[in-house]
Amino acid sequence: MFDTVLIANRGEIALRVIRACREEGLRSVAVYSSPDQEAPHVLAADQAVALGGTTPAESYLSEGLLLKAAADTGAGAIHPGYGFLAESAKFARSVEDANLTFIGPPSAAIEEMGDKPRARARMVTAGVPVVPGSGELSSIASAREVAEEIGFPIMIKAAGGGGGKGMHVVQNPADLKAAFERAQREAEGAFGDGRIYLERFLLRPRHIEIQILADENRILHLGERECSIQRRHQKLIEEAPSPCVDEVLRERLGAVAVQAAEAVGYLGAGTVEFLLEGSDFFFLEMNTRIQVEHPVTEMITGVDLVREQLRIALGYPALNGLDAPSPRGHALECRISAEDPQKDFLPSVGRVESLEIPTGPGIRWDGGIRVGFEVGLHYDPLLGKLIVHAENRAQAIERMRVALEELWIDGLATTQAYHLSVLGEEDFQAGALSIEYVQEHPELLRLVPPDLQKVAIATAVLCENHLDHEASLGVSDNKKVVGRQLSPWVQAGREW
Ligand code: MV4
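The rules behind each value
- Residues numbered from 1 in each chain as written.
- Predicted model: local features only at pLDDT ≥ 70, side-chain atom pairs only at ≥ 80, totals over all residues.
- Heavy atoms only, no water.
- Buried < 20%, exposed > 50% of the residue type's maximum accessible area, 1.4 Å probe, protein only.
- Helix = DSSP H or I, 4+ residues; strand = E, 2+ residues; numbered from the N terminus.
- Pairing = 2+ DSSP bridges.
- pLDDT = per-residue confidence, 0-100.
- Contact = heavy atoms within 4.5 Å.
- Near = heavy atom within 4 Å.
- Polar contact = N/O pair within 3.5 Å; in protein donor to acceptor, adjacent residues only side chain to side chain.
- Nonpolar A, V, L, I, M, F, W, Y, C, P; charged D, E, K, R; others polar.

Asker: Describe the pairing of strand β12 (residues 268-277), with residues and values.
Answerer: The side chains of a regular strand alternate, first on one face of the sheet and then on the other. Burial within β12 is extensive, with nine of its 10 residues counted as buried. In terms of strand pairing, strand β9 (residues 206-214) meets β12 through nine bridges, oriented antiparallel. When the sheet's bridge partners are listed, Ile208 is paired in β12 with Phe274. Here β12 folds back onto strand β13 (residues 280-287), and the loop between the two strands holds two residues, one of which, Gly278, carries a positive phi near 60°.

Here it is, written out as structure tokens:
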């Protein structure tokens, strides 16, 4: 049992966990690096411990410092958030060995899912469909044998990879030897583990994932999230439900996801990823953590997934023993990150000069920034997530558009405007999605305004004109127009 949780993370997810702790009556302890001295999560937590250091390795990845901070503050549990140490079986084991609660699955389940060919073999045993492919490949000859059997193109993957790292597509038999050798070399270099395996390469699949919750007695699923809109393995927009999953497919996916979690003795919140090709689906990997996009599931189910993580760790039954609620309406999430779509999504840096967060029915902002905060290059560029919920997908798109037009982050380039162009695009509106969507729609980049400063100036001019106009009408005598009355996006017009 524990009454204090150390949060081994920063940014929006640290704030998200702090709030859930508060609702659950738990004390929260933040940790921070030198550049994060005044970060929002430090101010929000009940207590904060300086780790020192600048790089992640010196701070949020330093297992020794984190365990010491937990001991020093009487924290009985550690929540790893996502990224950093969230999927380190070794860290989870250290936490367990220190007699602390790791808020996540047992370290053995992390380990099992972290080794991809081992996870594949497990899934086959558990009756979970996997992409046709091989086990660990010991030679080019064995690779050739499997490849000829399943047919080209194939994809060579690193056993220790995942999340898009260490993958190589091979189009034809002539390229197999070179690709095999390169994949092995790169896997050894990147993961210190040269083991590789291969799968049939799926063409234009969709990325669908199932949220599960597991307590000591049962495992339940909370439906799917559609995560196909991504770029270089970074998701941009997620939604729930998926526009291509009907109730029958949802129950098939859900049942299989539960089987997958059962097979590794799962506990807590987790996500089972699938690739969907037509109506066929294949297990890809399991993410043994809370995910960035968890809010879309929360919005359509009404379940607080982070609080469920805490409660399951405290020994309560998932959902207090109730059945999974049937989903209601539609939710979208746009990740707002400090990246410049005009510069091939190059990370941008700067001080947040002004910040206006949209509000209203069905609008949620999970953010990790405030005015005055310096966004540097040390960490992931995610600034916050704009999430909406509405009765149906079309209304959710409209709600998101209006919310995005209201959001105002001044001081650095963000992905905000790119999201607006996606929302207006017809394939997106029709739900015609695949993991190739962003690549297949290069025109969306040209719809992004070239320079937000210009929009700001245009707004200022419009405000001036507005003031002049009011003055000429004599209506401004007893009131002062300050700032903008409408979103600068709207004022400057939508034709960039
Ligand atoms: C694949 C695939 C096509 N065929 N496997 C990328 C992340 C990692 N989890 C597995 N990934 C893929 N595996 C086969 N057999 C295409 C991808 C893939 C992808 C998957 C999910 C979301 C985005 C993606 C982007 C590019 C490639």
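Text resumes after the structure shown.
Asker: Could you give an account of the confidence of the model for the chain, with specific residues and numbers?
Answerer: Interpretation of this model should avoid reading the predicted coordinates in detail wherever pLDDT is low. Chain-level statistics for the chain give a pLDDT mean of 92 and a share of 90% at 70 or above. Between residues 479-486, whose pLDDT stays under 50, and residues either more than four places distant or in other chains, the model counts 14 contacts. Of the regions scoring below 50 in pLDDT, residues 490-496 engages in 17 contacts with residues more than four places distant in sequence or in other chains.

Asker: Summarise the site of the ligand; cite the residues concerned and give the values.
Answerer: The full set close to the ligand counts 18 residues, and Lys157, Glu199, Arg200, Leu202 and Glu285 are the nearest of them. At a separation of 2.9 Å, a nitrogen atom of the ligand approaches a polar backbone atom of Leu202. When residues of the shell around the ligand are traced back to their parent elements, those giving at least two are β6 (154-162), β8 (196-200), β12 and β13. Along the lines of polarity and charge, the residues of the shell around the ligand split into eight nonpolar, five polar and five charged.

Asker: Break down unusual backbone geometry for me, with residues and values.
Answerer: Omega for the bond connecting Phe152 with Pro153 falls within 30 degrees of zero, at -5°, which places this linkage in the cis form. When you line up the elements, Pro153 lands in the loop between α7 (140-150) and β6. Looking along the chain, the bond that leaves Ala240 and enters Pro241 is cis, with omega of -5°. Checked against the element boundaries, Pro241 lands in the loop between β11 (234-240) and α9 (247-263).

Asker: Before we move on, could you go through the side chain of Glu425 and cite the residues and values that matter?
Answerer: Mapped onto the elements, Glu425 comes out in the loop between α13 (416-423) and α14 (426-430). Of the polar contacts made by the side chain of Glu425, one reaches the side chain of His441; its length is 3.3 Å. The residues touching Glu425, leaving out its near neighbours within four places in the chain, are Tyr437, His441, Glu443 and Leu444.

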